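# Structural characterization, general
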Amino acid sequence: MTDTTTRVSLPNDQLKLPEHSGRECLVVLYGGSIGKKHELAAGVTTIGRDPLSTIALDADSVSRSHAQIEVIGPQTYVSDLGSTNGTFVNDKPVERQLLKSGDLVKVGDIIFKFLAGHNVEAAYHEEIYRMTIRDGLTSVANVRYLNEFLEREFARSRRHGRELSVVLIDIDFFKKINDSLGHLTGDYVLRELARVVESRVRRDELFARYGGEEFCLVLPETGRDGAVAYAEIIRRSVETHRFVFDGTDVPVTISCGVAGFTPEMSRPVDIIKAADEALYRAKRAGRNRVEV
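Read on for an overview of the structure. (Residues numbered from 1 in each chain as written. Predicted model: local features only at pLDDT ≥ 70, side-chain atom pairs only at ≥ 80, totals over all residues. Heavy atoms only, no water.)

Quick look at the sheet that holds strand β17 (residues 254–260) now. Read from one edge to the other, the open sheet built from 5 strands follows the order β13-β14-β12-β17-β18, with strand pairing classed as mixed. On the outer flanks of this sheet lie β13 (206–211) and β18 (290–291), each paired with one strand and no other. Two elements, strand β12 (residues 164–171) and strand β14 (residues 214–220), share 7 bridges in a ladder whose sense is antiparallel. The partner of D170 across the bridge, within β14, is E214. Taken strand by strand, helix α4 (residues 183–198) contacts β12, β13, β14 and β17, and its axis lies near 155° from that of β13. (Pairing = 2+ DSSP bridges. Helix = DSSP H or I, 4+ residues; strand = E, 2+ residues; numbered from the N terminus. Contact = heavy atoms within 4.5 Å. Axes fitted to C-alpha atoms, helices over the stretch in contact; angles between N-to-C directions.)

This part covers the packing of aromatic side chains. Scanning the entire structure with this criterion turns up 4 aromatic pairs. Their ring planes at 20° and their centres at 5.7 Å tell us that F88 and F245 sit as a pair that is stacked. Remark: F245 occurs in strand β15 (residues 244–245) and F88 occurs in strand β7 (residues 87–89); sequence separation between them is 157 residues. Each member of the pair F88 and F245 is classed as buried. Seen in terms of ring centroids, F207 and F215 are 5.3 Å apart; in terms of plane orientation they differ by 15°. Their pairing is stacked. Accessibility classification places F207 together with F215 in one group, the buried group. Taken together, F88, Y188 and F245 form an aromatic cluster joined through their ring pairs. Against the face of Y77 rests R96, its NZ or CZ located 4.0 Å from the ring centre. A cation over an aromatic ring shows up here: R287 above the ring of F173, its NZ or CZ 4.4 Å from the ring centre. (Phe/Tyr/Trp six-rings, centres within 6.5 Å; stacked < 30°, edge-to-face > 60°. Buried < 20%, exposed > 50% of the residue type's maximum accessible area, 1.4 Å probe, protein only. Lys NZ or Arg CZ within 6 Å of the ring centre and 35° of its normal.)

Pasting the structure below:
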């Protein structure tokens with residue numbers, strides 16, 4: 001689809017709606033300048049690769065005239081402008097969509113969070129704090145928070161002899177997904193996988209993005225055998241889940257490496273290293289499997 005610019009004319013009666021609050025904004029969660037706040041003025045805000053766009057994005061996945069935001073009185077709409085890669089709200093493609101505070105707006109491979117309301121400034125600062133502990137793409141814990149959590153649990157296991165296990169998860173042939181179906185599909189797979197796995201994680205456990213297509217599950221009070229059974233449940237859940245992006249089915253499987261705490265381990269990195277070695281064995285054995 002080629003780029004086209006569509007201008008939406010507003011009926012006269014809409015122009016008489018109450019003046020907008022001036023509190024709407026888009027916050028960059030992923031891609032671009034993470035954490036940057038774009039305040040939305042009344043009327044039309046354009047988004048695109050064109051330097052003259054209100055919000056100019058220097059990314060190949062973004063069309064020159066990609067999308068626009070309309071603030072019409074108390075309501076805010078996002079519209080796609082015939083972009084190549086589409087505009088998404090909460091992972092669903094849209095042509096024109098009314099936004100509500102908290103919605104995720106995806107333009108190319110850049111993700112914004114829409115904030116609105118009287119407490120938008122507090123919501124913005126809360127979002128900035130959240131970015132320090134959460135991965136912007138998948139919304140699960142980031143590696144910084146993972147390291148802090150694992151350090152606490154590892155020290156607890158050494159001090160009190162408590163069980164602790166780690167599962168490293170890697171998406172099989174992820175590079176092939178990106179190369180054949182595009183990075184937008186790859187981003188979707190990462191987000192959807194995180195959603196599938198996190199739905200099975202209990203309150204005292206932690207699921208985090210470890211880096212790239214790798215994730216880590218930290219299981220306090222769980223021995224190695226229990227972690228293996230847990231990892232197998234997750235592996236089957238991913239294998240049987242239907243991943244569909246833009247009408248295309250994407251086969252997805254994972255490989256898992258499991259390690260349990262032993263008294264010989266002196267640092268958190270030791271249990272991660274053991275899980276990583278198990279993950280390597282799973283890959284060498286054919287992938288889509290769990291190894292210890």
